[in-house]
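Results of the structural survey
Here are the chains, one letter per residue:
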Amino acid sequence: YLLFTIRHLQTSCSSLPVFQYISDLSLVKEQGLNGPIWALLALNCHPEYSFPENPSAKEQNSESALVNFLLQSELPGGGWTLMGSNADSDITGMTLQALAPYYHKSGYENVTAAIDRGLNKLSEMQNDSGGYSTMGVETEESCAQIITALCSLGIDPETDSRFIKGGHWTIENLLSYHIDGSGFMHVKAGAGNNGGAAAGTLDGMATEQGYYALVAYQRLKDGKTSLYDMSDVSIKKGGTLYCLSNH
């Protein structure tokens, strides 16, 4: 019910401290693609959100600047990566989540084309298990990011043949990483290690991403707004807090 709160707010949502902190695009880009992806996701969470003018910024951040940066970062042949020249499932999935609000939107035909290329790339990258790999190892989080991306684009991974391989689909694969009575593992017992948690053990990040991917899918099936689209909630000021409720 209570989705998200931010302390010490000023008088309008455009002056939320979090947006002041990321109003300098040059600083946001220091994280590579991760920074612009999550900045754009945050901006589009609610129609009342915007970046304040930052006179001291080396590069004023804006919605169009973030979209253009992500488009310019697309790899030849489609998809995105944090490093190297080959598309990465996690980063491609997260980029599609950030660009989803512009899919098939008039005036954003270039974004729609980039998204479609990214979807084609993800279809090619899917394992016969229905899951996805990053750095050569299948992980729960990779699958979670693809589920969240597809749902944000209004694509049902259960019925879209592009995302069913070997008779298996993404939610089926995701649930195979669930630990009975607990959360999710990063990689399965006996799998290779790509720098994440120990194989076959409960992992906080895998659990977080696994559950929000399931929420994203449930929201799609229920006909609700996508995971990061909070336009269906009201912003209420109360003391030192703004609360987003009823999402």
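Structure report, in brief.

Reading guide: rules and limits
Sequence order as written defines the numbering, with residues in each chain counted from 1. Residue-level local features of this predicted model are given only where pLDDT is at least 70; pairs of side-chain atoms are given and counted only at 80 or more, and the full residue set underlies all totals for whole chains, interfaces and linings. Excluded from the side-chain calculations are hydrogens and water; all other atoms, namely the structure's heavy atoms, are used. Two rings from Phe, Tyr or Trp (for Trp, the six-membered ring) form a pair when their centres are within 6.5 Å of each other. A pair whose planes differ by under 30 degrees is stacked, one over 60 is edge-to-face, and the rest are tilted. Put simply, DSSP H or I for four residues or longer makes a helix, DSSP E for two residues or longer makes a strand, and each gets a number counted from the N terminus. In this scheme, a residue with accessible area under 20% of its type's maximum is buried, one over 50% is exposed, and one in between is partly exposed, where area comes from a 1.4 Å probe on protein chains only. Whether a charge sits over a ring depends on NZ of Lys or CZ of Arg being within 6 Å of the ring centre and within 35 degrees of the ring normal. Fitted lines through C-alpha atoms give the axes, limited to the stretch in contact for helices. The angle between two N-to-C directions lies from 0 to 180 degrees. Working definition: roughly parallel below 35 degrees, roughly antiparallel above 145 degrees, roughly perpendicular at 65 to 115 degrees, and oblique for all remaining angles. Left-handed describes a crossing whose near helix is turned anticlockwise from the far helix by less than a right angle; the clockwise case is right-handed. Every residue pair with non-hydrogen atoms within 4.5 Å of one another is taken to be in contact. Residues are grouped as follows: Ala, Val, Leu, Ile, Met, Phe, Trp, Tyr, Cys and Pro are nonpolar; Asp, Glu, Lys and Arg are charged; every other residue, Gly included, is polar. The salt bridge criterion pairs a side-chain nitrogen of Lys or Arg with a carboxyl oxygen of Asp or Glu, the two atoms within 4 Å.

A few words now on the packing of aromatic side chains. Enumeration over the complete set of coordinates arrives at seven aromatic pairs. Judged by centre distance (5.8 Å) and plane angle (85°), the rings of W38 and Y228 are edge-to-face. Separated by 190 residues along the polypeptide, W38 in helix α3 (residues 34–43) and Y228 in the loop between α9 (204–221) and β6 (234–238) bring together distant segments of the chain. The partly exposed category is assigned to W38, whose relative accessible area is 33%. Centre to centre, the rings of Y102 and Y108 are 4.8 Å apart; their planes meet at 40°, and the pair counts as tilted. Members of the aromatic cluster, each reached through a chain of ring pairs, are F19, Y49 and F51. Of note, K188 hangs over the ring of Y177, and the distance from its end group to the ring centre comes to 4.7 Å.

Turning our eyes to something else, we now look at the packing of helix α5 (residues 89–99) against helix α6 (residues 109–125). Taken N-terminus to C-terminus, the directions of α5 and α6 make an angle of 150°; their axes are 10 Å apart at the nearest point. In terms of their interaxial angle, α5 and α6 are classed as roughly antiparallel. As for the relative orientation of α5 and α6, their crossing is left-handed in sense. Contacts between α5 and α6 involve S89, T92, L96 and L99 from the first element and V111, I115, G118, L119, L122 and M125 from the second. Partitioning the contact of α5 with α6 into residue classes produces seven nonpolar, three polar and no charged.

Counted by the stated rule, this structure contains seven salt bridges. With its nearest N and O atoms 2.7 Å apart, the salt bridge here joins R117 to E74. Of this pair, R117 sits in helix α6 while E74 sits in the loop between α4 (63–72) and α5; the two residues are 43 residues apart in sequence, bridging distant segments of the chain. Between K221 and D156 there is a salt bridge whose closest N-O contact spans 2.9 Å. In this pair, K221 is assigned in helix α9 and D156 in the loop between α7 (140–152) and β4 (164–165), connecting sequence segments 65 residues apart. Taking the relative accessible area as the measure of exposure, K221 reaches 45% and is therefore partly exposed. When salt bridges that share partners are traced, they join D156, E158 and K221 into one network.

This part covers the packing of α3 against α4. Interhelical geometry of α3 versus α4 gives an angle of 140° and a closest axis separation of 10 Å. Classed by the angle they form, the pair α3 and α4 counts as oblique. At the point where α3 passes α4, the crossing takes the left-handed sense. Contacts between α3 and α4 involve P36, I37, A39, L40 and L43 from the former and E63, L66, V67, F69 and L70 from the latter. The residue makeup of the contact of α3 with α4, split by class, is nine nonpolar, no polar and one charged.

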